[in-house]
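Listed below, chain by chain, are the residues.
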Amino acid sequence: MPWHRKHLITLEELSLIEIEQIHATATAFKRTMTRSVKKVPALRGKTIVNLFLEPSTRTRMAFDMAAKRLSADVISLDGSSSSTTKGETLRDTAENVQALQADMIVIRHSAAGSPRYLSRILDIPVINAGDGAHEHPTQGLLDTFTMKEHLGALRGRKVVILGDILFSRVARSNIHALVKMGAAVTLVGPSTLVPESFTALGVSVSHDLKTALADAEVVMLLRIQHERQASSHFPSLGEYTSMFGLNKTRASWLNPKAIIMHPGPINRGVEIDSELADGDRSVILEQVTNGIAVRMAVLYLCAGGQPENVMPTA
Amino acid sequence: MPALWIRHARIVDPAAKRDAVGDLFVVDGKIAPSLSAAAKKRARPLDARGLVACPGLVDIHVHFREPGQTHKETIATGSHCAAAGGFTTVVCMPNTSPPADTAGTIQFIEDAVERGAVVRVLPTGCITVGMKGQTLAPIGSLKRAGVVAITDDGDCVQSNELMRRACEYAKMFDLPIMDHCQDASMTQGAVMNEGAVSTRLGLRGWPNAAEDLIVARNVILSEYTGAHIHLQHISSAFSVDVIRRAKSRGARITAEATPHHLALTDAALGTYDTNFKMNPPLRTEADRRALIAGLRDGTLDCVSTDHAPHTDYEKDKEFDYAPNGILGLETSLAVTLDVLMRQNKFKLTRVIDLMTHQPARILGLPAGTLATGAAADICLFAPEERWRYEANAGFSKSRNSPWHGQTLTGRVKTTIVGGRVVFHDGRVVAR
């Protein structure tokens, strides 16, 4: 099936086949990453602008790296150096980027819906690198890619997402991808951060860590985002850790082969014990590496490339 | 001014329980019982065959942005929107720059009305100085300067103590208090209804409870002080229930609903279109149905637009950063007829009642009637005419309407204020 999508705004709107196509293409790119010359000429002569209006380390570096591995030229702008600090509107900034003949724009923004807004304004592809509490589609793609590497097909697999779900775009993108892929997803955390309204997305909600973790094959931890919590959603970080932090005892409730994931940045000793973050079940750094391959696939496809054939997963 | 002879209209005058085909006569700017044969010869005839003639519509909740925000709207352009929408009396909110919290600002507004308005534009004043919720505004002076109510508009007074004193003080002048019911502590950064859709879109939710709390607070304070509190743009089903119970006890509470809360739900927000962003936000289908039921049984008293112009460049932003509010005056009648009459089988007279006599009654305005001797404020409209609404071609300085580009049913043909035709066949004719 040919790829025809120009923008990547949400995983909610992608079909299962499109997700599998991105994964298959990422698998092919991942193979190139172990060569001595890691660059491929796929996007030579194209310019990609990373417009990061909200701080980011991993995602921005991974997008940079992915674009460079594809031989694209990359320009990165962040919030503090862009004209938005002088009062320029997002529309004007984006139209200037397009007028400067960028071929693609990758946007990170604190306001949900901003990438969708840009995709309506611009003629060039818009890639969502995280919009507020809405979606972070490449994170959802790289997380499910990593899960598949460890578990094979995700149908029926028990996945727990633990932490601050309410304010998490990572959670939303993962939920959409995992539900399409047939995984059994349970969201866990304090009731103020994991409201019942999420069940409408096709997942379960639980506040009982022991039951939820029992036999889970994946536990994905999310950072407690102090900066997004206008008011107190839980008493203290200490209480959070005592109720929901992942420690050795709690990790023992998981399926013996379970993997521990985290999109970063991690707060050691808050949502996860330092030891577990570095332990052999942790795939946190694999996620980061896979983030390059997945983003190479996304940039390549949205720039007009065609996907690898999807192989049936075991 | 020539006499007017409006012929063969379907005359709908809810205050008089009148709904019959006939002629309407206007002499010296007032409704007359008849014209002599000689007067008929000199009168300007208006053929209203197939049209409804009703009292000029009354909207007790509009924002005309003058003084201070005249890039969005002026009293003149706002009044043109009103005329085009069939409205002959509108009540404008005090959230101008500066806020209308002194008699001087009220005088400024009244001067602008005198100079440029083609319909009756009545001011409200602030409850507190600068709408800051800290010190009572000079309510007595505001009353003397001509305000018809006091309100802090979108900056709902949060202090219960201050609201209590405002109630007691305003009651002395028999001045209604209009309140936008919102607990600010529960709606920090909120941009849409809290629920399944906000969860999906990752936008911060504004829960019904934040409205319900203040509605209940206002019911309590109204009953405690005896003051009349008018609850603006009710959006929550629970609030409708609170109001219904309060009214059954005889509380001096009145309430309004907007056409957009009657017609739309938060499901419309899927594309982050800022023309669906307003405060209070669009809510769920259950809330929408409760508002319609509230209008049906009289729990909610009237329909008001909350006409809130913002320029393209202000609305053309990230959803979080765009200002709240949409235009309403030019589409109100068609949208309200659609929801209430066509979809929910309200009688035409009842819909007109909710847009004329009822809002006038709430604020004690001499409007919303075709009684002999009343000011000849009249709206003529074609109830089944289909037309395409183009916000770009509208009369506002702004274009922020969710109905832009849509075909609506029910079109205003002529608007008459005090016996003068101010709007006719798509044009504002009196300036």
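Reading the values: rules and limits
- Residues numbered from 1 in each chain as written.
- Chains lettered and ligands numbered in written order.
- Predicted model: local features only at pLDDT ≥ 70, side-chain atom pairs only at ≥ 80, totals over all residues.
- Heavy atoms only, no water.
- Salt bridge = Lys/Arg side-chain N within 4 Å of Asp/Glu carboxyl O.
- Helix = DSSP H or I, 4+ residues; strand = E, 2+ residues; numbered from the N terminus.
- Buried < 20%, exposed > 50% of the residue type's maximum accessible area, 1.4 Å probe, protein only.
- Contact = heavy atoms within 4.5 Å.
- Buried area = accessible area lost by both parts, 1.4 Å probe.
- Polar contact = N/O pair within 3.5 Å; in protein donor to acceptor, adjacent residues only side chain to side chain.
- 1 Å grid on protein atoms, 1.4 Å probe; cavity = no way out; pocket = protein on both sides within 12 Å on 5 of 7 lines; lining within 4 Å.
- Points joined across faces, edges and corners; volume = space filled by probe spheres on them.
- Lys, Arg positive; Asp, Glu negative; His and termini not counted.
- Domains from an automatic or database assignment.
- Nonpolar A, V, L, I, M, F, W, Y, C, P; charged D, E, K, R; others polar.

**Q** Explain the pattern of salt bridges to me, using residue names and the numbers behind them.
**A** All names here are of chain A. All told, the structure shown has 34 salt bridges over all chains when counted by the stated rule. A salt bridge links R91 to E95; its shortest N-O distance comes to 3.1 Å. With R91 and E95 both in helix α3 (residues 90-99) and four residues apart, this pair spans about one turn of that helix. For E95, a relative accessible area of 32% gives the class partly exposed. With its nearest N and O atoms 3.0 Å apart, the salt bridge here joins R268 to D278. Highlighted residues: R268 in the loop between β9 (259-261) and α10 (274-278) and D278 in helix α10, separated in sequence by 10 residues. Residue class for R268 comes out partly exposed when judged on its relative accessible area of 44%.

**Q** Any chance you could break down the interface of chain A and chain B for me, citing the residues and the numbers?
**A** Counting residues at the interface gives 21 residues for chain A and 15 residues for chain B. For the chain A and chain B pair, buried surface summed over both sides reaches about 1,600 Å², with 50% attributable to carbon and sulfur atoms. At the boundary of chain A with chain B, the tally comes to two salt bridges. Measuring nitrogen to oxygen at the nearest pair gives 2.3 Å for the salt bridge that ties R91 of chain A to D316 of chain B. At the boundary of chain A and chain B, one finds nine residue pairs in polar contact (both at pLDDT 80 or more). Elements with a minimum of two residues in the side of chain A that touches chain B: α3 and α4 (114-121) of chain A. With four residues, α4 of chain A is the largest single contributor of residues to the side of chain A that touches chain B.

**Q** Provide a residue-level description of empty space enclosed by the protein, including the pertinent values.
**A** Residues and elements named next belong to chain A. Evaluated as defined, the whole model comprises three cavities of 30 Å³ or more. Estimated volume of the largest cavity: approximately 80 Å³. Along the walls of the largest cavity sit R58, T59, A62, Q139, L142, H262, P263, Q287, V288, G291 and R295, which together make up its complete lining. Breaking the lining of the largest cavity down by element, the ones donating at least two residues are α2 (58-69), α5 (137-151) and α11 (284-302). Among the elements that take part in the lining of the largest cavity, α11 stands out by supplying four residues, more than any other.

**Q** How would you summarise the side chain of D64 of chain A if you had to cite specific residues and measurements?
**A** All names here are of chain A. Mapped onto the secondary structure, D64 falls in helix α2. Buried within the structure, D64 lacks any salt-bridge partner; K68 is the closest side chain of opposite charge, at an N-O distance of 4.2 Å. Each residue touching D64, except ones within four places of it in the same chain, is listed here: N50, V74 and S76.

**Q** Go over the domain arrangement of chain B, please, and point to the residues and values.
**A** All names here are of chain B. Per the domain assignment, the segments of chain B are domain 1 (4-52 + 375-387 + 407-428) and domain 2 (56-363). Between the C-alpha centres of domain 1 and domain 2 there is a distance of 29 Å. Contacts between domain 1 and domain 2 engage 26 residues on the former and 27 residues on the latter. Between domain 1 and domain 2 the total buried area reaches about 1,900 Å² when both faces are included, carbon and sulfur atoms providing 72% of it. Here D377 ties to R120 by a salt bridge, and the two come within 2.7 Å at their closest N and O atoms. The interface formed by domain 1 and domain 2 includes five residue pairs in polar contact (both at pLDDT 80 or more). When contributions to the side of domain 1 that touches domain 2 are tallied by element, the ones reaching two or more residues are β1 (4-13), β2 (18-27), β15 (378-388), β16 (407-417) and β17 (420-424). The greatest single-element share of the side of domain 1 that touches domain 2, amounting to seven residues, is contributed by β16. Here the residues of the side of domain 1 that touches domain 2 are counted per class, giving 17 nonpolar, four polar and five charged.

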